[in-house]
Amino acid sequence: MAAFNTQQNYDKYSEQKAFDDTKAGVKGLIDAGITEVPKIFHHPEALQHKPSNPKTTYFIFPLIDLQNIKNNKKEIVKQIQEASETWGFFQVINHGIPVSILDEMLRGTRRFHEQDVDIKKPYYSRDVARNVMYNSNFDLFSDKALAANWRDSLYSVMAPSPAKPEELPEACREITIEYSDQVMKLGYTLLELLSEGLGLKPNHLKEMGCAEGLGILCNYYPSCPQPELAIGTSKHADGDFFTVLLQDDIGGLQVFHKNQWVDVPPTHGALVINIGDILQLISNDKYKSLEHRVLANKIGPRISVASFFSTGPFASSRIYGPIEELLSKGNPPKYRATTMKDFFEYSNKKGLDGTSNLSHYKII
């Protein structure tokens, strides 16, 4: 394991490259026995973080029960609409995916990341054209990224051109295929409810291609010796249509709601849904894609699995702009149209720099 200088006088790029060359990720640092967080992980967001003020407003995070959806559809649509307009986030229970599959997906993620580094190395890459890619910090070398995040990730493309079974790591192969099938089915249901919440026909968003692409990101957040210096994931909004998040019971995910960070409570068996930038764009700001982040923690590892509904870097002729049926003289388009590929390339190059991707597409 390379030595990492924690002093003020250091060569940032050299440290980044030394870290990247190990192909062992943040877990490799912990396995090497570090007791201090290397300087490339010192994050201004963590340094500014202060304990919650006891006078801070207490919010109840939206929890929506999808049981008996046929009989309760009108009420469920209303709840999802309200959560999507105000929070941009909500949790769902009784969503149809067995808890046994959720638990095995978390275990599979952990199995992959806790393998010997030599088994993981062949998957280590920064080539976004790959169907399966393991690395630590997709934006590690971005000039705009504020600091490296305390997180390792395995990304698998599951639609529209899914990774072949043999391309997926054996440690999580079967469960990734099964879980992605289940998530896609849930995605169709959510798109119907989100469409109706916009006053559109149930199949409107699906027919626009909002469920055409699916990427599964398996995150591993090792315990951090100095969580006051580091961030698990920098504040950001997701550059997709929407995201389905599975998280374990450790916690740390926060949403920026009404000018304060609000904890998203881990709920066993529940899934966290959040609106992405593209859905905010095509809904012309009716649905909100809000900033969120993950705190570093002395307790770990924290495991989460984010399923992104997006075609990402893959070429498509589809162009996305504000939906015509939602526009009027009093509600003109607020964004210029874009392709998913263009949006992905812009946000990927920019990295997690703490600023909005949507502002680039805003019509002034």
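So, a few notes on the structure that sits alongside this text. Counting from 1, residues in each chain are numbered in the order their sequence is written. This being a predicted model, a pLDDT of at least 70 is required before a residue's local features are given, and a value of 80 or more before pairs of side-chain atoms are given or counted; all residues contribute to the totals for chains, interfaces and linings. Water and hydrogen atoms were dropped before computing side-chain values, which therefore reflect all heavy atoms in the structure.

1. Let's talk about the side chain of Lys350
Moving on, step 1. Note on conventions: DSSP H or I runs of at least 4 residues are helices, E runs of at least 2 residues are strands, and numbering of each starts at the N terminus. For Lys350, the position within the fold is in helix 10 (residues 340-350).
Moving on, step 2. Relative accessibility decides the category of a residue: with a 1.4 Å probe and only protein chains considered, values under 20% of the type maximum give buried, values over 50% give exposed, and everything between is partly exposed. Judged by its relative accessible area of 4%, Lys350 falls in the buried class.
Moving on, step 3. A contact between two residues is defined here by any heavy atoms of the two lying within 4.5 Å. What Lys350 contacts, discounting residues up to four positions off in sequence, is Ser142, Lys144, Ala145, Thr355, Ser356 and Asn357.

2. A closer look at the pairing of strand 9 (residues 260-263)
Moving on, step 1. Burial of strand 9 is one-sided: the residues Gln260 and Val262 facing one way are buried, the residues Trp261 and Asp263 facing the other way are not.
Moving on, step 2. In short, DSSP must find at least two bridges between two strands for them to pair. For strand 8 (residues 253-257) and strand 9, the ladder comprises 4 bridges, and the chain directions are antiparallel. Bridge pairing links His257 to Gln260 in strand 9.
Moving on, step 3. Counting the residues between successive antiparallel strands, the hairpin from strand 8 to strand 9 contains 2 residues, one of them, Lys258, with a positive phi of roughly 50°.

3. Concerning the sheet that holds strand 8
Moving on, step 1. The sheet built from 4 strands is open, its strands ordered 6-11-8-9 with antiparallel pairing. The sheet is open, and its two borders are formed by strand 6 (231-236) and strand 9, each paired with just one other strand. Adjacent strand axes in the sheet meet at a mean angle of 30° when their direction is disregarded.
Moving on, step 2. Here strand 8 pairs with strand 11 (residues 292-295) via 3 bridges, running antiparallel. In the sheet register, Leu253 faces strand 11, and the bridge partner there is Val294. To obtain each axis, a line is fitted to C-alpha atoms, and for helices this fit is confined to the stretch in contact; angles are then taken between N-to-C directions over 0 to 180 degrees.

4. Focus on the packing of aromatic side chains
Moving on, step 1. The criterion for an aromatic pair is that two Phe, Tyr or Trp rings (for Trp, the six-membered ring) have centres within 6.5 Å, with stacked assigned to planes under 30 degrees apart, edge-to-face to planes over 60 apart and tilted to the rest. The final tally for this structure, using the stated rule, is 14 aromatic pairs.
Moving on, step 2. Summarising the aromatic geometry, the rings of Tyr13 and Phe141 are spaced 5.7 Å apart at their centres and angled 50° between planes, so their arrangement reads as tilted. Placement of Tyr13 in helix 1 (residues 12-22) and of Phe141 in the loop between strand 3 (132-135) and strand 4 (152-159) is noted, with a sequence separation of 128 residues between them.
Moving on, step 3. For Tyr13, a relative accessible area of 47% translates into the label partly exposed.
Moving on, step 4. Overall, Phe141 belongs to the partly exposed group, its relative accessible area being 30%.
Moving on, step 5. Here a set of aromatic residues connected by ring pairs shows up, and it is made of Phe59, Phe61, Trp87 and Phe89.
Moving on, step 6. We call a charge positioned over a ring when the NZ of a Lys or the CZ of an Arg lies within 6 Å of the ring centre and within 35 degrees of the ring normal. Over the aromatic face of Tyr188 sits the side chain of Lys206, whose NZ or CZ is 4.1 Å from the ring centroid.
Moving on, step 7. Above the face of the Trp261 ring, Arg293 is positioned so that its terminal group lies 4.1 Å from the ring centre.

5. Let's talk about the sheet that holds strand 1 (residues 63-65)
Moving on, step 1. The strand order 1-2-10-7-12-5-4-3 describes an open sheet built from 8 strands, whose pairing is mixed. Of all the strands in the sheet, just strand 1 and strand 3 have a single pairing partner and so form its edges. Taken over all neighbouring pairs, the strand axes of this sheet differ in orientation by 25° on average, direction set aside.
Moving on, step 2. Direction of pairing for strand 7 (residues 242-247) relative to strand 12 (residues 302-309): antiparallel, over a ladder of 6 bridges.

6. Points about the packing of helix 4 (residues 69-86) against helix 7 (residues 173-197)
Moving on, step 1. Across the interface, helix 4 lies against helix 7 with an axial gap of 8 Å and an inter-helix angle of 70°. Relative to helix 7, the element helix 4 lies roughly perpendicular. Crossing hand, helix 4 versus helix 7: right-handed. Within the contact between the two elements, helix 4 uses Ile69, Lys73, Ile76, Val77, Ile80, Gln81 and Ser84 and helix 7 uses Thr189, Leu190, Glu192, Leu193, Leu194, Glu196 and Gly197.
Moving on, step 2. Residues that form the contact of helix 4 with helix 7 fall into these classes: 7 nonpolar, 4 polar and 3 charged. For classification purposes, angles smaller than 35 degrees are called roughly parallel, those larger than 145 roughly antiparallel, those between 65 and 115 roughly perpendicular, and all remaining angles oblique. Here a crossing is taken to be left-handed if its near helix is turned anticlockwise relative to the far helix by less than a right angle, and right-handed if that turn runs clockwise. Note that Gly is not counted as nonpolar here; it falls among the polar residues with everything else outside the nonpolar set of Ala, Val, Leu, Ile, Met, Phe, Trp, Tyr, Cys and Pro and the charged set of Asp, Glu, Lys and Arg.

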